[in-house]
Amino acid sequence: MPWCCDPHLLFYFLKVVQRQQIMSKALTNLRYQEIWLTFPYRQANCCDEGEMEPFPHVQTLRKFPKEELVGKVVMVRFDSTNLLREEEQDQSSQSVSSAVFTIKYLHEAGAKIILVSDWRKKTNSQLHDAETVADMISSVIQHRVVTIKCDYSAVLLKMEVLKKADIFLLENLSECKEEVANNSKFAELLSLGVDIFVNDSFSQSHKILASTVGIARFCSACIAGFHFEESLCQLKKVARTNKRPYVAIIGGGNLYDKAAALHFLVSRCDGVVFVGMMSFQIMHALGLSVPSYLVEPGAYKAALDIIQIAHDRNIPILHPMDFWCMNEHLPEKMGIFPSHNILDGWLPVDLGPRSLNELNSLLVKCKKILWIGPVKFKFSGQCADGASKLAQALNELRQRNCDITVVGNMACQAMVMESKCVLVNDMIENASVLWEFFKGRKLPGVMALDRAYPFGIDWKSAYCNPAQPLVVDIGSGSGLFLLGMARRRKDLNFLGLEINSKLVRRCMDSVHQYGIQNGYFIVTNATTTFRSIVSSYPGELVLVSIQDNLYHLVQCPNPDFNNPEHRWRMLQRSLIKAVVDLLALDGKIFLQSDIEAVALRMKELFLKNGKGKLNLWNDQYHARMNLGEWLEENPFGVMSDWEQHVIDRGDPMYRLMLSKSSGIE
């Protein structure tokens, strides 16, 4: 049985399979080479690049102000599979180099570094205790690493320990059950005394861990290390369909669990080739004879759906022609069998020679290839010869400027063995992250990092006069307050920062409809983008407003979007610090809530983290404070939509104004 089926006949096969009347002889007269070499991708309805949700633009160590690292305590979550490898040749790989560079960069910047990770002996047989690991890391980074016991009973004790060296290592997280449970208390204890969190363990980004997700709630800045940033760029590269024909070579098994990811690939690629255990599920769905012990329970319907998508897009879906098989009773005895006629007593262990020859011919016309998952069958050894042959073919294509990406430990090992000069941006060692991404799931480890506003803002297009003083409303909602202010004060520019894209579109429609030339709105999470946005404004920042209900003021989406119970505060120290740093002298901060405890908490956080530069505004409005503390009336005469709602129902609003003075650091 050849590799590919005519895409025009796939629908026929599907219907016949569903009626269970297919005959294997109906598949014998297809012209595989002709079909593939004409490559139907030109007629296919390829998914537009815009259909895919854009990656979040995270804050990276590369772009983080280096002066902000001086004297700070920085926790680095590193990837033990990179930094603690046993093989000497792996220690010089680019992934290891970028991980080492993260630590050295922080050390040279004058930061105190706390390293944290989990490790097991399967990564390196020499890993016994934290002291051994610390010595190993010391050897790799050429700096002394000192261990710290996981005793978080007192912050002062930890701070005292940090005076003894510059780089420290916490004990093995794999021994802490709170780590995998993302225990909030454990994450808070882990962060004690830590100013900045650097995630450099991309291989764990699909998991919700205390050391990658939970800790982000308690640090003033959460950024991506150099290795994490490189890995995220690799992920973006795989998702792009910028070169065609683009073909995915799929190895491994568990088709049912990966069905959503396979749907994604079949909907974007110009052809899909199955080379592992999943190939038997595709063959079974096409009606070919497959031994029952090779059929994955529950995968039949999922395989039919994949075939249907390929038919709808007019692209080929392929499977092997033949297999090397091992005699069940005489393991040393090998034989080659057609894929649709494996005799009883014989077990498939590798791709057959005809399959490999055809595969090489089929890939010649490709401009981009993704190989994900091992060329491995249930009874094959660790390294099959088929993987080596495929790696050789891909290496030759790469030298002809074909864009190759290899995903998964076994596939990457095969490529490295065949080519010592394979580029780091050609390989992603952890396939689990990519499979989860292809399933359409958000990666919690990525979502927990600070967002960095991706584009420079053209302030001249946003405002008629971009030199005017700026007023920023954080969480601008429906824009009632900001639009009303913009109409009243033509001498000021007004900027609304709101995470809800629908609300921002409505606000911008109002700006255009009413010809407002001093109002502008941006879709963003102000908690993490305020500094990067406002710092580029050419004029002075004179007023920052934060006013909303309890939900919007104190909470924003958690990286685990499937668990609404987990929330993290909007008023993080990093946002307050950015507001205070960028606010002009005598600039004002207006805080308002319908919940008194929330208003008090906001005031306390600003005064505590304002570096001594903030005071309660002492002017005519303070004379009218209710109970000597709250502003009785809105000092601007313009209400937000929530404020109007609260007043209409007869409830009080709790308002206060802070003013910035020169202060003392």
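Just so we're clear, the structure is a prediction, and the values are computed from it rather than from any experiment. The numbers attached to residues start from 1 for each chain and follow its sequence in the written order. This being a predicted model, a pLDDT of at least 70 is required before a residue's local features are given, and a value of 80 or more before pairs of side-chain atoms are given or counted; all residues contribute to the totals for chains, interfaces and linings. Hydrogens and water molecules were not included; the side-chain quantities draw on all heavy atoms of the structure.

## Focus on the overall build of the protein chain
What counts here: Only runs of H or I of at least four residues qualify as helices and only runs of E of at least two qualify as strands under DSSP, and these elements are numbered from the N terminus. Exposure is judged per residue with a 1.4 Å probe applied to protein chains only, and the accessible area is read against the type maximum: over 50% gives exposed, under 20% gives buried, and values in between give partly exposed. Note on contacts: a residue pair is in contact if any heavy atoms of the two residues lie within 4.5 Å. Residue-level accessible areas treat just the shown protein chains as cover; the underlying method is Shrake-Rupley with a 1.4 Å probe.
Each helix and strand counted, the protein chain has 25 helices and 26 strands in total. Per-residue burial over the protein chain gives 57% buried out of 665 residues. The long-range fraction of contacts in the protein chain, counting pairs at least 24 apart against all pairs at least 6 apart in sequence, stands at 76%. When the accessible surface of the protein chain is summed, it comes to about 29200 Å², and 51% of that surface belongs to carbon and sulfur atoms.

## Points about the pairing of strand 6 (residues 221-224)
Our working definition: Each pair of strands is called paired provided DSSP finds at least two bridges between the two strands.
By the alternation rule, side chains of strand 6 split into A221 and I223 and C222 and A224, which are all buried. Where strand 5 (residues 196-200) lies against strand 6, four bridges are found, and the strand directions are parallel. Residue pairing across strands places F197 opposite C222, the latter belonging to strand 6.

## Describing the sheet that holds strand 13 (residues 368-372)
Sheets are built from strands paired through backbone hydrogen bonds, the pairs being either parallel or antiparallel. The line we're drawing: To obtain each axis, a line is fitted to C-alpha atoms, and for helices this fit is confined to the stretch in contact; angles are then taken between N-to-C directions over 0 to 180 degrees.
The sheet built from six strands is open, its strands ordered 9-8-7-13-14-15 with parallel pairing. Edge positions in the sheet fall to strand 9 (317-318) and strand 15 (427-428), since each has one partner strand and no second. Alignment of strand 8 (residues 271-274) against strand 9, held across two bridges, turns out to be parallel. The residue of strand 9 that forms the bridge with V272 is I317. Lying on the sheet, helix 14 (residues 385-399) is in contact with strand 7 (246-250), strand 13 and strand 14 (403-407); it crosses strand 13 at an angle near 155 degrees.

## A short note on the sheet that holds strand 11 (residues 334-338)
Pairing is antiparallel across the open sheet formed by three strands, whose spatial order is 11-10-12. Two strands lie at the open edges of the sheet, namely strand 11 and strand 12 (346-351), each paired on one side alone. Taking the axes of each pair of neighbouring strands and ignoring which way they run, one obtains an average angle of 40 degrees across the sheet. Alignment of strand 10 (residues 322-327) against strand 11, held across five bridges, turns out to be antiparallel. From the neighbouring strand, W324 faces strand 11, where its bridge partner is I336. The strands touched by helix 13 (residues 353-363) are strand 10, strand 11 and strand 12; relative to strand 10, the strand with the most contacts, the crossing angle is about 155 degrees.

## Structural notes on the side chain of K368
Stated formally: Only four residue types enter the charge count, namely Lys and Arg as positive and Asp and Glu as negative; His and the chain termini do not. A pair is scored as a salt bridge if a Lys or Arg side-chain nitrogen falls within 4 Å of a carboxyl oxygen belonging to Asp or Glu. For this analysis, a polar contact is any N or O atom pair within 3.5 Å, provided that within protein one partner can donate a hydrogen and the other can accept it, and provided that sequence-adjacent residues contribute only side-chain to side-chain pairs.
As for its position among the elements, K368 is in strand 13. D403 provides the closest opposite charge to the buried, salt-bridge-free K368, at an N-O distance of 4.5 Å. Within the structure, K368 has its side chain in polar contact with the side chain of N242 (distance 3.3 Å). If we skip the residues at most four places from it in the chain, K368 touches K237, V238, R240, N242, K243, P245, Y246, V247, C402 and D403.

## A word on the packing of helix 9 (residues 226-239) against helix 16 (residues 431-438)
Defined as follows: Between 65 and 115 degrees an angle is taken as roughly perpendicular, under 35 as roughly parallel, over 145 as roughly antiparallel, and anywhere else as oblique. Crossings are assigned a handedness: left-handed for a near helix turned anticlockwise from the far helix by less than a right angle, right-handed for a clockwise turn.
Where helix 9 contacts helix 16, the axes come no closer than 11 Å and their chain directions differ by 50 degrees. Between helix 9 and helix 16, the angle falls in the class oblique. Of the two elements, helix 9 crosses helix 16, and the hand of that crossing is right-handed. Along the contact surface, helix 9 presents L235, V238 and A239, while helix 16 presents L434, F437 and F438.

## Brief notes about the pattern of salt bridges
A full pass over the atoms with the stated rule returns 19 salt bridges. Salt-bridge contacts for D491 lead to R489; the nearest nitrogen and oxygen are separated by 2.8 Å. For D491, a relative accessible area of 38% corresponds to the partly exposed category. By sharing partners, the salt bridges in this structure join E68, R531, K577, D581 and K611 into a single network.

## Remarks on the packing of aromatic side chains
Where we set the bar: Between the rings of Phe, Tyr and Trp (Trp by its six-membered ring), a pair exists once the centres lie within 6.5 Å; its type follows the angle of the planes, with under 30 degrees stacked, over 60 edge-to-face, and the other angles tilted. A positively charged side chain is recorded as over a ring if its NZ (Lys) or CZ (Arg) lies within 6 Å of the ring centre. The angle to the ring normal must also be within 35 degrees.
With the rule as written, the count across this model stands at 18 aromatic pairs. For the pair F323 and F377, a centre-to-centre distance of 5.3 Å together with 85 degrees between the ring planes defines the contact as edge-to-face. Placement of F323 in strand 10 and of F377 in the loop between strand 13 and helix 14 is noted, with a sequence separation of 54 residues between them. The residues F323 and F377 share a single accessibility class, namely buried. Aromatic ring contacts, followed pair by pair, group W459, Y463, Y520 and Y537 into a single cluster. Looking at K368, its charged tip hangs above the ring of Y246, at a distance of 4.9 Å from the centre.

## So, the nonpolar core
The criterion, for reference: Among buried residues, those of type Ala, Val, Leu, Ile, Met, Phe, Trp, Tyr and Cys that are joined through side-chain atoms within 4.5 Å constitute a nonpolar core.
With 72 residues, the main nonpolar core has M75, I250, L255, L370, L434, W435 and F438 as its most contacted residues. Core analysis: the next-biggest nonpolar cluster, separate from the first, contains 39 residues, F280, C325, I404 and A414 among them.

## Considering the pairing of strand 13
Strand 13 sits mainly inside the fold: five of its five residues count as buried. Burial along strand 13 is two-sided: K368, L370 and I372 facing one way and I369 and W371 facing the other are all buried.

## So, the confidence of the model for the protein chain
Quick note on the threshold: Each residue carries a pLDDT score, the predictor's confidence in it, ranging from 0 to 100.
Residues with a pLDDT of 70 or more make up 81% of the protein chain, whose mean pLDDT is 82. Strand 16 (residues 470-474) holds the highest mean pLDDT among the elements of the protein chain, 97, whereas helix 2 (residues 32-38) holds the lowest, 32. This model gives residues 1-52 a pLDDT under 50, and the stretch forms 118 contacts once residues within four places in sequence are excluded. In this model, residues 88-92 is a region of pLDDT below 50 whose contacts with residues beyond four sequence positions or in other chains number eight contacts.

## Some thoughts on helix 20 (residues 501-513)
Here is the rule we go by: Every helix has an expected span of 1.5 Å times one less than the residues it contains. The reported arc concerns the directions from the helix axis to the C-beta atoms and nothing else.
When the terminal C-alpha atoms of helix 20 are compared, their 18 Å separation across 13 residues agrees well with the 18 Å that a helix rising 1.5 Å per residue should span. Listed in full, the buried residues belonging to helix 20 are L503, V504, C507, M508, S510 and V511. For helix 20, the angular spread of buried residues about the axis comes to 155 degrees, placing them on one side. Exposed positions of helix 20 whose direction lies more than 90 degrees from the buried face are K502, R506, H512 and Q513. For helix 20, the secondary structure elements touched by its buried residues are helix 19 (480-488), strand 17 (493-498) and strand 18 (519-523). The opening residue of helix 20, the one whose side-chain oxygen lies 3.0 Å from the backbone nitrogen of K502, is N500.

## A closer look at the side chain of Q547
Note on placement: Q547 falls in strand 19 (residues 541-547). For Q547, a relative accessible area of 3% translates into the label buried. A distance of 2.8 Å separates polar atoms of two side chains, one belonging to Q547 and the other to S545. Within the local environment of Q547, its side chain forms a polar contact with the side chain of Q592, the two groups lying 2.6 Å apart.

## So, a nonpolar patch on the surface
We apply this condition: Like charges are joined within 9 Å and nonpolar side chains (Val, Leu, Ile, Met, Phe, Trp, Tyr) within 5 Å, but only among residues with over 30% relative accessible area and no salt bridge; these make up the patches.
Together, W324, M334 and I336 give the surface a local cluster of nonpolar side chains, amounting to about 270 Å² of exposed area. Relative to the helices and strands, M334 is located in strand 11. Residue classification places M334 among the partly exposed residues on the basis of a relative accessible area of 41%.

## Some thoughts on the environment of F481
Along the chain, the position of F481 falls in helix 19. Distance in space between the C-alpha atoms of F481 and G637 is 9.4 Å, their sequence separation being 156 residues. Once residues lying within four places of it in the same chain are set aside, the contact partners of F481 are D473, S545, Q547, F636, V638, M639 and S640.

## Section: the environment of S501
If you trace the backbone, S501 turns up in helix 20. With a relative accessible area of 32%, S501 lands in the partly exposed category. Between the alpha carbons of S501 and T524 there is a distance of 8.2 Å; along the sequence they are 23 residues apart.

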